Amino acid sequence: MKFFADTAEIADIKDLAATGLLDGVTTNPSLIAKSGRNFMEVTKEICDIVDGPVSAEVVALDHETMMKEAEVLRKIADNVCIKVPLTIDGLKTCKALTSDGTMVNVTLCFSGNQALLAAKAGATFVSPFVGRHDDNGVDGMDLIRDIRLIYDNYAFETEILVASVRHVTHVLESARIGADVMTAPPAVIKNLVKHVLTDKGIEGFMADWAKTGQSII
Ligand code: G3P
């Protein structure tokens, strides 16, 4: 499963990129606003740090203007992936862009039917938001199971990019279901490595090693 960082914070992206575990980045208008940075500049910086897909979202709601915005965004770098909302205009834009080889991430997906439309529109990625389903008392992971079943039924190539990830269990469940990608805040990605028994084990090994009085270097 590929790991994308869901952030526009350069320092966090550099930190994760240094681990070799980062496969891409997703941003959206809210994350860009939170960064306080110029959208074009910060997207270029991210594309220079990460080789994998970097999602940059259009803000227009009509197809014609989405295409104009996409034209600007995809000139930033070869690894820019255009993000469009799951609307008729977003799907039209997805179909047009992917037809000429541009990566497209169809976002704000909340149902199996929407994911089916994204695949039919040739989306590179579809972004079902699990956390926001959870917020409304619905198990977001059921949506991922649904989409995995639908996509496997028809051998759709669109990759399931689990978004709105809030904690490590969303990541674990996504891997169990067979999602292709998960995108999460850097803090969630860093939490994946933590286990109290690992910490205790290291402590015990170090204490016993100290008793030998030896060193390796
Ligand atoms: O990639 C989508 C993500 O940024 C939304 O997350 O926590 O606002 O639902 P959240």
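You'll find the structure just up there.
This one's a predicted model, so the numbers in the text were calculated from it and none came from an experiment. (Residues numbered from 1 in each chain as written. Predicted model: local features only at pLDDT ≥ 70, side-chain atom pairs only at ≥ 80, totals over all residues. Heavy atoms only, no water.)

Asks: Can you help me understand the packing of helix H6 (residues 112-120) against helix H8 (residues 140-154) in this one?
Replies: Angle between the axes and distance between the axes are the two parameters that describe a pair of packed helices. Contact geometry of H6 with H8 gives a least axis separation of 9 Å together with a crossing angle of 40 degrees. Viewed along their axes, H6 and H8 adopt a mutual orientation that is oblique. Of the two elements, H6 crosses H8, and the hand of that crossing is right-handed. Where H6 approaches H8, its residues Gly-112, Ala-115, Leu-116, Ala-118 and Ala-119 are matched on the opposing element by Leu-143, Asp-146, Ile-147, Ile-150 and Tyr-151. The residue inventory of the contact of H6 with H8, partitioned by class, reads 8 nonpolar, 1 polar and 1 charged. (Axes fitted to C-alpha atoms, helices over the stretch in contact; angles between N-to-C directions. Helix = DSSP H or I, 4+ residues; strand = E, 2+ residues; numbered from the N terminus. Parallel < 35°, antiparallel > 145°, perpendicular 65-115°, else oblique. Left-handed = near helix turned anticlockwise from the far one by under 90°. Contact = heavy atoms within 4.5 Å. Nonpolar A, V, L, I, M, F, W, Y, C, P; charged D, E, K, R; others polar.)

Asks: Would you mind showing me how to read the site of the ligand here?
Replies: If you check the shell around the ligand, you find Asp-6, Asn-28, Phe-129, Arg-132, Ala-163, Ser-164 and Arg-166 and nothing else. The separation between an oxygen atom of the ligand and a polar side-chain atom of Asp-6 is 2.6 Å. In this structure, an oxygen atom belonging to the ligand sits 3.0 Å away from a side-chain N or O atom of Asn-28. Notes on the ligand: free accessible area 310 Å², of which the protein chains cover 80%. Assessed atom by atom at 2 Å from the grid points, the ligand resides in the largest pocket. (Near = heavy atom within 4 Å. Polar contact = N/O pair within 3.5 Å; in protein donor to acceptor, adjacent residues only side chain to side chain. Areas by Shrake-Rupley, 256 points an atom, 1.4 Å probe, with all protein chains shown as cover. 1 Å grid on protein atoms, 1.4 Å probe; cavity = no way out; pocket = protein on both sides within 12 Å on 5 of 7 lines; lining within 4 Å. Sits in = over half its atoms within 2 Å of the grid points.)

Asks: Would you mind going over the pairing of strand S4 (residues 80-85) with me for this structure?
Replies: Here is the key point about a regular strand: its side chains alternate between the two faces of the sheet. Judged by how many residues are buried, S4 sits mostly within the fold: 6 of 6 residues are covered. Residues Val-80, Ile-82 and Val-84 line one face of S4 and the alternating positions Cys-81, Lys-83 and Pro-85 line the opposite face, and both faces are buried. Strand direction decides the pairing type here: strand S3 (residues 54-57) and S4, joined by 4 bridges, are parallel. Note on S4: the bridge partner recorded for Val-54 is Val-80. Once the chain exits S3 it traverses helix H4 (residues 63-73) before rejoining the sheet at S4, and the crossover so formed is right-handed. Bridge count for S4 against strand S5 (residues 104-109) is 4 bridges, and the pairing is parallel. (Buried < 20%, exposed > 50% of the residue type's maximum accessible area, 1.4 Å probe, protein only. Pairing = 2+ DSSP bridges. Right-handed = clockwise from strand over helix to strand, strands pointing away.)

Asks: It is not clear to me how the side chain of Thr-43 should be interpreted in this structure. Could you clarify?
Replies: Within the secondary structure, Thr-43 sits in helix H3 (residues 39-49). Residue class for Thr-43 comes out buried when judged on its relative accessible area of 2%. Leaving out residues up to four positions away in the same chain, Thr-43 has contacts with Val-54, Ala-56, Ile-76 and Val-80.

Asks: I'm lost on the pattern of salt bridges in this one. Help?
Replies: In a structure, side chains of opposite charge can pair up when their charged atoms sit close to one another. By the definition in use, this model includes 14 salt bridges. The partner of Glu-45 in a salt bridge is Arg-37, with the nearest N and O atoms 2.3 Å apart. The exposure class assigned to Glu-45 is partly exposed, which follows from its relative accessible area of 30%. Ionic pairing is found between Arg-148 and Asp-180, a salt bridge with its closest N-O pair at 3.3 Å. Residue Arg-148 is found in helix H8, and its partner Asp-180 is found in the loop between helix H9 (168-177) and strand S8 (181-184); the two are separated by 32 residues along the sequence. When salt bridges with common partners are traced through the structure, they connect Asp-142, Arg-145, Glu-173 and Arg-176 into a single cluster. (Salt bridge = Lys/Arg side-chain N within 4 Å of Asp/Glu carboxyl O.)

Asks: Would you mind showing me how to read helix H1 (residues 10-17) here?
Replies: Buried within H1 are the following residues: Ile-10, Ile-13 and Leu-16. Along the long axis of H1, the arc covered by the buried residues comes to 130 degrees, so they all point the same way. For H1, exposure combined with an orientation more than 90 degrees from the buried face picks out Ala-11 and Lys-14. Tucked into the core, H1 has its buried residues touching strand S1 (2-6), strand S2 (24-26), H3 and helix H10 (186-191). (Arc of directions from axis to C-beta.)

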